[in-house]
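# Per-entry structural report
Here is how the chains run, residue by residue.
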Amino acid sequence: MRPSSPPTIAIVGGGIAGLAAAWELVKDADGGDHTPVEVHLLEAGDRVGGKLRSADFAGRRVDLAADAFLARRPEATALCHELGLTEDLVPVGASGASVWARGQLRRLPAGLNLGVPTRWLPLFRSGILSPGESLRAARDLVAPHRGDQTADDDRSVGAIVGERLGRPIVERLVDPLVGGINAGRVDDLSAAVTFPQLLAASRQSGSLMRRLAQPPAGADGLSPPEPGPLFWSLSGSTASLADSLAEALSRRGVTIHTGVSVRSVEPHPDGPSGAPQWELALQGTDGSEQETAGRPHDPPSLRADRVILAVPAGEAAVLVGPHAPEAAVLLDSIAYASVAVVTLSVPRRAIRAPLRGTGFLVPLASPIAGGPALITGCTYLARKWPHLAGADDELLRVSVGRSGDSRHRDLSDDELTASAFGELTELLDIRDVPLDSLVTRWDEAFPQYAVDHATSVGRIERAVAALGSVAVAGAAYGGVGIPACIGSGRAAARRMLDSLSLDSLSLSPGSGSPGSGASGSDASGDEPAPPELGK
Ligand SMILES: Cc1cc2nc3c(=O)[nH]c(=O)nc-3n(C[C@H](O)[C@H](O)[C@H](O)COP(=O)(O)OP(=O)(O)OC[C@H]3O[C@@H](n4cnc5c(N)ncnc54)[C@H](O)[C@@H]3O)c2cc1C
C-alpha cells in the first residue's frame, strides 16, 4: 500500500448504485473505523443519477423514470435519513389502482400480494375474472396442495401462479403487476429474484393464497413490516435523491467526473509504491481522450487500487471480459427490455372517467383502440403525489414497452404520443387534446431476471471476486428497485473496504495482483473464491 496517500477506489457508473457505493465509502470519513480512501466516480453521461431523472414539465418538476421507492425495503429511506432528507420525504397520496379487464377499468381487489389474490371474495367481487375463472382460483383454498418442500429449483412466477390459480390470474393480475415492475413477462421471470415469497410458499403444502396472506418479513427478515405508506418520493422529485447524494459526496471529497466513459480496465503492475493497481482508460463522451469532464487537463486514464463496476451488465461484460471471461459470458446473457414514458398534461374537465387511486395497468395484448394495446399502464401523477396537482390539468404518465414488445421504438415521438393518447382516450373517455406532452425513451433499461438468474449472479460475483479488487453492483443483479440498487452498491463498497482492511493488516503480503484471477478464477465452483490479498 502506498504509505503517503490513501488507496484509490474508482466507481464506474454514476447511477443510484454507483452513488450509493461512493456514499458507503466516505460516509464515515469524519471518524469511521475503516481505511480512509480517495474515491473517483466516473459517469459517461453529462449528469449523475442514471435512471433517476426529472424535468420541468407543465410548470412542475416531474420524474421521467422512477417516481417512487418502496417503503417496505429499508435501504432508500435509510439513505434519505443519513443524508438529512427526512423532512423531504413525501408519502404516496392515494391508494389502490385499477386494471383494464373484461372491457373496463376495474379496481384491484383488496388482499393482493404482488398481484396474487390472498382473499377470494374481493377477487370474485372485483369482476376481473368471470365467475367460472373465480371458481377455478377457489380450488386452491379447498383442494389442499401437497407442496414440495425439498425442491430448491427456481421457477417462473407465471408457472407457479398458473398451476395453482389458473391462467386468468396470471394474465390479468400478476403479469401486469410483477411484469410491469420489471418490464418483463412473468412466464419468463425468476420467482427466486422477483417474488421469493411466492417461491417459498409454492414449496409448502396447503393453499398458496393463504400462505401469501402472511405479510412479508420486515427489514430483519423476521418481523412483520411496520405500518405506513407503501411508497415514498421526495418533495423535489425522486430523482433529487441522486442530486442530494452527489452534493454530499462532493462535500466529503469524492471526485465526480461526468461525461467520462471508462473504455477498459487493465491491470497495472507498477503503482507508485510498487503495489499492483488497475488502470482505467477514460474517454470523454465527445470522443476525446484528453478532455475528460470538460476539464482539459484531466488525465486520459486513472489508476485505482479497487474498482466497483456499477454499470449495466453489457458494459460490465466489456470491462471484466479480458480478466474474467466466464463472468463476461454470463453478464452478456442478461437480456434487457426497452420502455418509454409519455408524460401528458390533460385538461381536467376533458377527462370523463373517474381517476381512482394511483392509476391503472393494462394486461399484455389487451384489445384497445382497434389493436393490441401499446400502453402497459398509466399513473395519475398528481393523485399519486398531491404536491404535483395543478389548477386545471391532470398529469398522466403512460408507460409503453416491455420484454418482447418494442413496437414503440419504431415510432417517432409524435407517433408514440398520438398512439398512447389514443388508447388513453378510449380508456378514460377523454374529450380534448393534451395541453403538453413529453416522450422519454429508456432503451435497454430493464434487466430481465430469467429463471436461475440468482445462480448466474452467484457465478458472476465469484468470478469477479477472484480478481481480488473488483466488485459489481447495480440493477443487473438482485432487483431493479431503487432500494435494491442502493443495497447492492453499498454491499459492493463494503466488500472493497473489507479487502483494504485485510490488506492493511498485511495478512498476505504480495499474494495477489489485479487481474491474476483471470486464469485462476473458478467461477463454476460452489465455494466463493477467497479475495486476493497483499497490496
Ligand atoms: C421508466 C423507468 C421507471 C422506473 N420506475 C421505478 C420506480 O418507480 N421505483 C423504483 O424503485 N425503480 C424504478 N425503476 C428502476 C430503477 O430506476 C433502476 O433500476 C435503477 O435506477 C438502476 O440504477 P443503477 O445504478 O443500477 O443503473 P443506472 O441508473 O443505469 O446507472 C448506470 C450508469 O452507468 C453509466 N455508465 C454505463 N457505462 C459506463 C462506462 N463505461 N463508463 C462510465 N459510466 C458508464 C450510465 O451512463 C449510467 O448513468 C424504473 C426504471 C425505469 C427505466
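Scroll up for the structure.
Structure report, in brief. (Residues numbered from 1 in each chain as written. Predicted model: local features only at pLDDT ≥ 70, side-chain atom pairs only at ≥ 80, totals over all residues. Heavy atoms only, no water.)

Each helix and strand in the chain was counted, giving 18 helices and 24 strands. With 535 residues in all, the chain has 53% of them scored as buried. Sequence-distant contacts, at least 24 apart, represent 74% of the contacts inside the chain between residues at least 6 apart. Summing over all exposed atoms, the chain offers an accessible surface of approximately 22,300 Å²; the carbon and sulfur share of this is 51%. (Helix = DSSP H or I, 4+ residues; strand = E, 2+ residues; numbered from the N terminus. Buried < 20%, exposed > 50% of the residue type's maximum accessible area, 1.4 Å probe, protein only. Contact = heavy atoms within 4.5 Å. Areas by Shrake-Rupley, 256 points an atom, 1.4 Å probe, with all protein chains shown as cover.)

What follows covers the packing of helix H12 (residues 325–332) against helix H15 (residues 453–465). Packing of H12 against H15 leaves a shortest axis separation of 8 Å and a crossing angle of 145°. Pair H12 / H15 crosses with left-handed handedness. Two secondary-structure elements touch here, H12 through Glu-326, Ala-327, Leu-330 and Leu-331 and H15 through Ser-456, Arg-459, Ile-460, Ala-463 and Val-464. Residue classes in the contact of H12 with H15 are distributed as 6 nonpolar, 1 polar and 2 charged. (Axes fitted to C-alpha atoms, helices over the stretch in contact; angles between N-to-C directions. Left-handed = near helix turned anticlockwise from the far one by under 90°. Nonpolar A, V, L, I, M, F, W, Y, C, P; charged D, E, K, R; others polar.)

The next subject is unusual backbone geometry. Non-glycine residue Arg-102 carries a positive phi angle of around 50°. Given a relative accessible area of 43%, Arg-102 falls into the partly exposed group. One non-glycine residue, Asp-452, lies in positive phi territory at about 75°. Position of Asp-452 relative to the elements: it lies in the loop between strand E23 (436–447) and H15.

In this section: the site of the ligand. Close to the ligand lie 33 residues; Glu-43, Lys-51, Ala-68, Val-480 and Ile-482 are nearest. Ile-482 is positioned such that a nitrogen or oxygen atom in its backbone is 2.7 Å from an oxygen atom of the ligand. Alone, the ligand offers 1,000 Å² of accessible surface; in the complex the protein occludes 87% of this. Elements represented by at least two residues in the shell around the ligand include exactly helix H1 (16–26), strand E2 (38–43), strand E13 (260–268), strand E17 (336–347), E23 and helix H17 (482–504). Looking at the shell around the ligand residue by residue, the classes come out as 22 nonpolar, 7 polar and 4 charged. The residue makeup of the shell around the ligand includes at least three contributed by each of domain 1 (8–50 + 239–334 + 451–520) and domain 3 (336–446). (Near = heavy atom within 4 Å. Polar contact = N/O pair within 3.5 Å; in protein donor to acceptor, adjacent residues only side chain to side chain. Domains from an automatic or database assignment.)

Given 3.6 residues per helical turn, the α-helix brings residues three or four places apart onto the same face. When the terminal C-alpha atoms of helix H6 (residues 167–182) are compared, their 19 Å separation across 16 residues is substantially less than the 22 Å that a helix rising 1.5 Å per residue should span. Bending of H6 peaks at approximately 50° at the position of Val-174, with proline Pro-176 no more than four residues after it. Where H6 is concerned, the buried positions are Pro-168, Ile-169, Val-170, Arg-172, Leu-173, Val-174, Asp-175, Pro-176, Val-178, Gly-179 and Asn-182. (Expected span 1.5 Å × (residues − 1). Bend = angle between axes of the 7 residues up to and from the residue.)

Every other side chain in a regular strand lies on the same face of the sheet, so the side chains alternate between the two faces. The buried count for E17 comes to 12 of 12 residues, which makes it a mostly enclosed element. Residues Tyr-336, Ser-338, Ala-340, Val-342, Leu-344 and Val-346 point to one face of E17 and Ala-337, Val-339, Val-341, Thr-343, Ser-345 and Pro-347 to the other, with burial holding for every one of them. In terms of strand pairing, E17 meets E23 through 9 bridges, oriented antiparallel. Within the sheet, the bridge partner assigned to Leu-344 lies in E23 and is Ser-437. (Pairing = 2+ DSSP bridges.)

With that settled, the discussion passes to the pattern of salt bridges. The final tally for this structure, using the stated rule, is 25 salt bridges. For Glu-394, the salt bridge is made with Arg-348, and the minimal N-O distance between the two is 3.1 Å. With a gap of 46 residues between them, Glu-394 in strand E22 (residues 393–400) and Arg-348 in the loop between E17 and strand E18 (359–361) connect regions that are remote in the sequence. Two residues, Asp-429 and Arg-431, come together in a salt bridge whose shortest N-O distance is 2.8 Å. Exposure remark for Asp-429: the relative accessible area of 30% places this residue in the partly exposed category. Of the residues examined, Arg-431 reaches a relative accessible area of 51% and is grouped as exposed. If you follow the salt bridges from partner to partner, you end up with Glu-24, Lys-27, Asp-28, Glu-82, Arg-490 and Arg-494 in one network. (Salt bridge = Lys/Arg side-chain N within 4 Å of Asp/Glu carboxyl O.)

Judged by nonpolar contacts, the single largest core of 46 residues is most densely connected at Leu-25, Leu-241 and Ile-308. Contributions of two or more residues to this core are made by strand E1 (8–12), H1, E2, helix H2 (75–82), strand E11 (231–234), helix H10 (240–251) and H17. Considering every element that reaches this core, the biggest residue donor is H1, with 9 residues. (Core = buried A, V, L, I, M, F, W, Y, C linked by side-chain atoms within 4.5 Å.)

In this section: the environment of Val-433. Along the chain, the position of Val-433 falls in the loop between helix H14 (413–428) and E23. Residues Val-433 and Ser-345, spaced 88 residues apart in sequence, show a C-alpha to C-alpha distance of 9.3 Å.

Moving on, we get to a negative patch on the surface. On the surface, a cluster of negative charge is made up of Asp-148, Asp-152, Asp-153 and Asp-452. For Asp-148, a relative accessible area of 39% corresponds to the partly exposed category. (Patch = residues over 30% accessible without salt bridge, like charges linked within 9 Å, V, L, I, M, F, W, Y side chains within 5 Å. Lys, Arg positive; Asp, Glu negative; His and termini not counted. Charge placed at Lys NZ, Arg CZ, Asp CG, Glu CD.)

Let's shift gears to the pairing of E22. Across the 8 residues of E22, 7 count as buried, placing the element largely inside the fold. With 8 bridges joining them, E17 and E22 adopt antiparallel strand pairing. Residue pairing across strands places Ala-340 opposite Val-400, the latter belonging to E22. With 5 bridges joining them, strand E21 (residues 375–380) and E22 adopt antiparallel strand pairing. Of the residues in E22, the one forming a bridge with Tyr-380 is Leu-396.

So, about the sheet that holds strand E14 (residues 277–284). One open sheet accounts for 3 strands, arranged E13-E14-E15; its pairing is antiparallel. In this open sheet, the two edge strands, each paired with only one partner strand, are E13 and strand E15 (301–304). Across the sheet, the axes of successive neighbouring strands diverge by a mean angle of 25°, strand direction being ignored. Alignment of E14 against E15, held across 4 bridges, turns out to be antiparallel. Its bridge partner being in E15, Trp-278 is matched across the sheet by Ala-304.

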